[in-house]
Amino acid sequence: MPLRRSLLGRLLGVSALVAACSVAATAWLAVQTTSGAIRQEQGRNLTADARIYDTLLGYAAQNPTWNGVDVTVRKLAEESGRRIALTTQSRQPLADSATAEVPPPLPPQASAVVDPLSVDAVLAARTTEGQGTAADRIDPRAVGPFLLPAAERTELRQLADRHAICLNRSGIAADVVVGPSGRPRVQVVGNSPERVLSTKCESFDLDAPTRTERKALDALNGLADACLKRQGREGVRLDQNLFWGEDVSAARPGQLPYPVPSDARAARPAPVAEAPREFTGEDDRAIASCVGTARSEQLGSYVASPALLFIGDEGGATVPGFDLSPANTAKIAGAAALVLALTVGASVLAGARLVRPLHALTGAAQRMRDGEESASVPVSGDDEIARLAAAFNDMSAHRARLEEQRRAMVSDVAHELRTPLSNIRGWLEAAQDGLADPDPAFVSSLLEEAVQLQHIIDDLQDLAAADAGVLRLHPEPVRVGELLGQVAAAHQARADTAEVTLRVETADGRVPEVAADPVRLRQAVGNLVSNAVRHTPPGGTVTLRAYGGGGGADARAGDGAEDRSGSDSGAGNGSEGGSGADSPTGHGSEGGSGADSPTGHGSEGGSGAGSPPGGDVVIEVADTGTGIPAEDLPYVFDRFWRAEKSRSRRTGGSGLGLAIVRKLAEAHGGTAGATSTEGEGSVFVIRLPGRAPTP
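Residues numbered from 1 in each chain as written. Predicted model: local features only at pLDDT ≥ 70, side-chain atom pairs only at ≥ 80, totals over all residues. Heavy atoms only, no water.

**Student:** Is there a simple way to think about the pattern of salt bridges in this case?
**Tutor:** If the charged atoms of two oppositely charged side chains come close together, the side chains can form a pair. In this structure the tally under the stated criterion is 17 salt bridges. Here Asp 139 makes a salt bridge to Arg 141, at a shortest N to O gap of 2.9 Å. With relative accessibility at 2%, the residue Asp 139 sits in the buried group. In this structure, the salt-bridge partner of Glu 429 is Arg 425, at a minimum N-O distance of 2.8 Å. Of the two residues, Glu 429 and Arg 425 are both situated in helix 9 (residues 384-432); the distance of four residues between them amounts to about one turn of the helix. On the accessibility criterion, Glu 429 (35% relative accessible area) is partly exposed. When its relative accessible area of 58% is taken as the criterion, Arg 425 is described as exposed. Three or more residues joined by partner-sharing salt bridges are found here, namely Arg 503, Glu 505, Arg 545 and Glu 620. (Salt bridge = Lys/Arg side-chain N within 4 Å of Asp/Glu carboxyl O. Buried < 20%, exposed > 50% of the residue type's maximum accessible area, 1.4 Å probe, protein only. Helix = DSSP H or I, 4+ residues; strand = E, 2+ residues; numbered from the N terminus.)

**Student:** How do you make sense of the state of the cysteines when you look at a structure like this?
**Tutor:** Think of a disulfide as a covalent bridge from one cysteine sulfur atom to another cysteine sulfur atom. Counted under the stated rule, the structure contains two disulfides. The partner cysteine of Cys 227 in its disulfide is Cys 290, sulfur to sulfur 2.2 Å. Its S-S torsion of approximately -65 degrees makes the covalent link between Cys 227 and Cys 290 left-handed. Residue Cys 227 is located in helix 5 (residues 211-230), and its partner Cys 290 is located in helix 7 (residues 281-299); the two are separated by 63 residues in the primary sequence. Across the pair, exposure class does not vary: Cys 227 and Cys 290 are buried alike. For the protein chain, the disulfide bridges join cysteines in the arrangement 1-2, 3-4, where the cysteines are counted in sequence order. (Disulfide = S-S within 2.5 Å.)

**Student:** Before we go on, may I ask you to explain the packing of aromatic side chains in this structure?
**Tutor:** How two aromatic rings sit relative to each other is given by the distance of their centres and the angle of their planes. Within this structure, the stated rule accounts for two aromatic pairs. When the ring of Tyr 59 is compared with that of Trp 66, the centres are 6.1 Å apart and the planes differ by 15 degrees; the resulting orientation is stacked. Of the two residues examined, Tyr 59 and Trp 66, each falls in the buried class. Ring geometry for Trp 427 against Phe 442: centres 5.6 Å apart, planes inclined by 80 degrees, an arrangement best described as edge-to-face. Here Trp 427, found in helix 9, pairs with Phe 442, found in helix 10 (residues 440-468); they are 15 residues apart in sequence, far enough to count as distant. Assessed through its relative accessible area of 6%, Phe 442 is described here as buried. (Phe/Tyr/Trp six-rings, centres within 6.5 Å; stacked < 30°, edge-to-face > 60°.)

**Student:** I would appreciate a short explanation of the pairing of strand 1 (residues 83-87) in the present structure.
**Tutor:** It is a general feature of regular strands that their side chains alternate between the two faces of the sheet. Most of strand 1 sits inside the fold, with five of its five residues counted as buried. Both faces of strand 1 are covered, namely the face carrying Arg 83, Ala 85 and Thr 87 and the face carrying Ile 84 and Leu 86. In this structure, strand 1 lies alongside strand 8 (residues 307-312), joined through five bridges in antiparallel fashion. Across the sheet, residue Arg 83 finds its bridge partner in strand 8, namely Gly 312. In this structure, strand 1 lies alongside strand 2 (residues 93-96), joined through three bridges in antiparallel fashion. When the bridges of strand 2 are listed, Ala 85 appears paired with Asp 96. With antiparallel pairing between neighbouring strands as the criterion, strand 1 and strand 2 make up a hairpin whose turn holds five residues, including Arg 91 at a positive phi of roughly 65 degrees. (Pairing = 2+ DSSP bridges.)

**Student:** I keep staring at helix 14 (residues 657-667) and nothing clicks. Help me out?
**Tutor:** In an α-helix, one full turn covers 3.6 residues, which means residues spaced three or four apart are oriented alike. In terms of residue burial, helix 14 counts as a mostly covered element, since 11 of its 11 residues are buried. Of the residues trailing helix 14, Gly 669 is marked for its positive phi of about 80 degrees.

**Student:** Where do I start with the confidence of the model for the protein chain in this structure?
**Tutor:** Should pLDDT be low for a region, the predicted coordinates there are not to be read in detail. Mean pLDDT for the protein chain: 74, with 73% of residues reaching 70 or above. Between residues 246-271, whose pLDDT stays under 50, and residues either more than four places distant or in other chains, the model counts 38 contacts. (pLDDT = per-residue confidence, 0-100. Contact = heavy atoms within 4.5 Å.)

**Student:** I'm lost on the sheet that holds strand 12 (residues 541-548) in this one. Help?
**Tutor:** Backbone-to-backbone hydrogen bonds join strands into a sheet, with any given pair of strands oriented parallel or antiparallel. Pairing within the open sheet is mixed, and its five strands lie in the order 10-12-13-15-14. Edge positions in the sheet fall to strand 10 (501-506) and strand 14 (671-677), since each has one partner strand and no second. Sheet twist, expressed as the average angle between the axes of neighbouring strands with direction ignored, equals 15 degrees. Pairing analysis gives seven bridges linking strand 12 to strand 13 (residues 617-623), with the strands arranged antiparallel. Directly across from Gly 548, in strand 13, lies its bridge partner Val 617. In this fold helix 12 (residues 518-534) packs onto strand 10, strand 12, strand 13 and strand 15 (681-688), with an angle of close to 20 degrees to the strand it touches most, strand 13. (Axes fitted to C-alpha atoms, helices over the stretch in contact; angles between N-to-C directions.)

**Student:** Is there a simple way to think about the packing of helix 11 (residues 480-497) against helix 12 in this case?
**Tutor:** Axis angle and axis distance: for two packed helices, these are the angle between their axes and the distance between the axes, and together they describe the pair. At a closest axis distance of 10 Å, the pairing of helix 11 and helix 12 adopts a crossing angle of 40 degrees. One way to sum up the angle between helix 11 and helix 12 is to call them oblique. When the axes of helix 11 and helix 12 are compared, the crossing they make is right-handed. Across the interface between the two elements, Leu 483, Leu 484, Gln 486, Val 487, His 491, Arg 494 and Ala 495 from helix 11 touch Pro 518, Leu 521, Arg 522, Val 525, Gly 526, Val 529, Ser 530 and Val 533 from helix 12. (Parallel < 35°, antiparallel > 145°, perpendicular 65-115°, else oblique. Left-handed = near helix turned anticlockwise from the far one by under 90°.)

**Student:** Teacher, can you tell me more about the environment of Phe 310 here?
**Tutor:** If you trace the backbone, Phe 310 turns up in strand 8. Sequence separation between Phe 310 and Ala 110 is 200 residues, and the spatial gap between their C-alpha atoms is 5.2 Å. Once residues within four sequence positions are removed from consideration, Phe 310 is found in contact with Arg 83, Ile 84, Ala 85, Thr 87, Arg 91, Leu 106, Pro 107, Gln 109, Ala 110 and Ser 111.

**Student:** Looking at this model, I keep getting lost on the environment of Glu 449. Mind explaining?
**Tutor:** Counting through the fold element by element, Glu 449 comes out in helix 10. Sequence-wise, Glu 449 and Leu 421 are 28 residues apart; in three dimensions their C-alpha atoms are separated by 7.6 Å.

**Student:** What's the story with a nonpolar patch on the surface in this structure? I'm lost.
**Tutor:** Taken together, the side chains of Leu 340, Val 344 and Val 348 define a hydrophobic patch exposed on the protein surface, amounting to about 270 Å² of accessible area. Within the fold, Val 344 resides in helix 8 (residues 326-369). Using a relative accessible area of 43% as the deciding quantity, one classes Val 344 as partly exposed. (Patch = residues over 30% accessible without salt bridge, like charges linked within 9 Å, V, L, I, M, F, W, Y side chains within 5 Å. Areas by Shrake-Rupley, 256 points an atom, 1.4 Å probe, with all protein chains shown as cover.)

**Student:** Explanation requested: the sheet that holds strand 1 in the structure shown.
**Tutor:** The antiparallel open sheet is built from four strands, whose spatial order is 2-1-8-3. The open sheet has two free edges, formed respectively by strand 2 and strand 3 (112-114), since each of these has just one partner strand. On average, each strand axis in the sheet is tilted by 25 degrees relative to the strand beside it, whichever way the strands run. Seen against the sheet, helix 2 (residues 69-80) touches strand 1 and strand 2 and runs at an angle of roughly 155 degrees to strand 1.

Written as structure tokens, this is what we have:
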């Protein structure tokens, strides 16, 4: 079809016109507005990310584990409108604010690493409070053993309040500020803190370390000294602010590596003054490194382990979108309105012609919904809409056929279930009214009807399961000759009762093995044998044959009849000792449960779907019975179809047996088909892919 005449060509023409107008009108506006909006949004996102990071960093610094962080994460997510997730460094989830049942996958790169012992200098909202030097990267809120108990906090707060009152009385504004460890300090308001030295307000007792701080400081000194000694350097004494001074190794007995309160100085000998130790730049770097290492080691058990932080939106993106300013939004809206006006004019002209056939399709679809038998639409032209209309008409006709089949199947199922249920009810009512005695024959009759009802239900269930694709095969190497012998032995008693000769023949050459589920294959062959015995008159013969390749009776018979049924079904119930579903020709079956099978496909010439390659195995069940009329042969594999229209159980079964055979053959990668001459007999064929010949 020429492009200019097709619906696609017309839509492309209209789209090109609209695109040219829209691109010219909005390109310059987008360049002017989006860059500024993106920069503004990124600035807001960076601020929000820094706040999220700082909050979680504080949590990690003040808690030894991440237990309970979910509440904090969800609160931050609600405030920021972002998705926040925390995982271990091995990406095991710790907390996630995602609301979806299955959260989107996290990006490969984390937004930050939350580690209070190694703070990200870009994102961290660092303060100057608490412990820590300017050079380390330990969060000041990670105080660990320096956290003061309530009694020491109260005592120090009283000292700080008295000192602040003293300074205020001296005309110096001062406030009490509490650090992360709970230690208060007096902060002078103004830019002349030297004025404090001229007052009589002493803060020695406030500056002295408490018992808790002395214990923690001693442990920190020990860790730092151990680090320095490993480098061949002398130890140092750290003060409360983690500055180092005199050589610890030179301290004399009784000398303390920290200042003491006034009430304790009288009880201790005065320290011996020594010349201050000189530190080189290299010494300071080594000491600072060891102090940082010692702090990390000391705080390791008091803070949470490092965690990966992911910040994004609910959809999984790590960079959220932005909102344009009202002015930029108005500009874009104005340009869009202009383009819209041009677009509407062009679209109305093109759309008016396009929607007319679509309205016809819509009306036909509504008529189909309302149950009208005929829901076709007129087809004119050769463009895409015309082809759509033709496809719709085909679909409507196919739907009508399926509806007819559905109604027939419902009627058939009701008929098949009604007969045994009616018999059971009749016998039970007779027993209730005293017209029949519940003797063994009575119970046997009821049991026979119940078993027949169970067989029908099992076959229907298996066919439904096969249609749904939920049944499975368990293939293994199978010797076909042995399997035919087993099936013949299982049906020998029935054949003897019917005065029918049952025999097994195999080709002179070796028959290849097949990879099949032996239970399912016995079921399929058993269905065919049961059908043949039922429809063979006394004195007749039923023959089971197996041979490899493309010879034999299947080829001689022209490879079967055309099968137009195309029905999908599962398999019946096992070969021996299971449910004996009846076949479409009224033939019963003995079998187990069904098998998962591919979609059913019709066959031409007996085997159902073309001729498999050489090396395949052909299984035939031939009888000398009444045969099948030529007009009925294409439908023998349909469900609930029987040549005996009266649907009498004396001459036919439920009509499911051959449908099960066909689905079992297809489930094994093979085909099933039939040939028949009325008055002479029938030949049913199963062709399966073969394995290598048996040794």
